[in-house]
Amino acid sequence: MATTLHRVFTVQQQLAEALQRAYPEQIDALDAAALVGAVTGAILAAGHTAAATGQPLAGAIERVLDTATRAGQLTRDD
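This is a predicted model, so every value here is computed, not measured.

## Let's talk about the packing of helix H1 (residues 2–22) against helix H2 (residues 29–53)
Between two packed helices, both the angle of their axes relative to each other and the distance between the axes serve to describe the pair.
Part 1: The geometry of H1 relative to H2 is characterised by a closest axis approach of 8 Å and an angle of 130 degrees between their N-to-C directions. With respect to H2, the element H1 is oriented oblique. Pair H1 / H2 crosses with right-handed handedness. Taken together, the residues of H2 that come into contact with H1 (itself represented by Gln12, Leu15, Ala16, Leu19 and Gln20) are Ala29, Ala32, Ala33, Leu35, Val36, Gly37 and Thr40.
Part 2: The residue makeup of the contact of H1 with H2, split by class, is 8 nonpolar, 4 polar and no charged.

## Some points on H2
Part 1: An ideal rise of 1.5 Å per residue puts 36 Å on 25 residues; H2 measures up with 36 Å between its terminal C-alpha atoms.
Part 2: Of the positions making up H2, those classed as buried are Ala32, Val36, Thr40, Ala46, Gly47 and Ala50.
Part 3: At the N-terminal boundary of H2, the capping side chain belongs to Asp28, with an oxygen 3.3 Å from the backbone nitrogen of Leu30.
Part 4: Once H2 ends, the next one or two residues include Gly54, with phi positive near 75 degrees.

Rules used in this analysis
Residues numbered from 1 in each chain as written. Predicted model: local features only at pLDDT ≥ 70, side-chain atom pairs only at ≥ 80, totals over all residues. Heavy atoms only, no water. Axes fitted to C-alpha atoms, helices over the stretch in contact; angles between N-to-C directions. Helix = DSSP H or I, 4+ residues; strand = E, 2+ residues; numbered from the N terminus. Parallel < 35°, antiparallel > 145°, perpendicular 65-115°, else oblique. Left-handed = near helix turned anticlockwise from the far one by under 90°. Contact = heavy atoms within 4.5 Å. Nonpolar A, V, L, I, M, F, W, Y, C, P; charged D, E, K, R; others polar. Expected span 1.5 Å × (residues − 1). Buried < 20%, exposed > 50% of the residue type's maximum accessible area, 1.4 Å probe, protein only. Polar contact = N/O pair within 3.5 Å; in protein donor to acceptor, adjacent residues only side chain to side chain.

Okay, here's the thing in structure tokens:
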């Protein structure tokens with residue numbers, strides 16, 4: 001269990017760093033970590049609930065990602 005949690009935290013850190021690099025003018029390290037933590041936590045919670053209620057896991061994850069992308073409207077100026 002500890003190894004799994006360590007892997008999750010490592011991936012979250014990598015995702016937060018990538019998010020901050022992608023949007024350097026719009027998000028700092030703390031906000032990036034909060035966003036990644038919120039989304040990954042939501043995915044884990046929705047996955048657990050989907051499994052407990054017999055709903056498809058893929059559908060639960062899609063709903064979480066849809067909600068997250070609608071909630072935060074980051075724009076990238078390329």
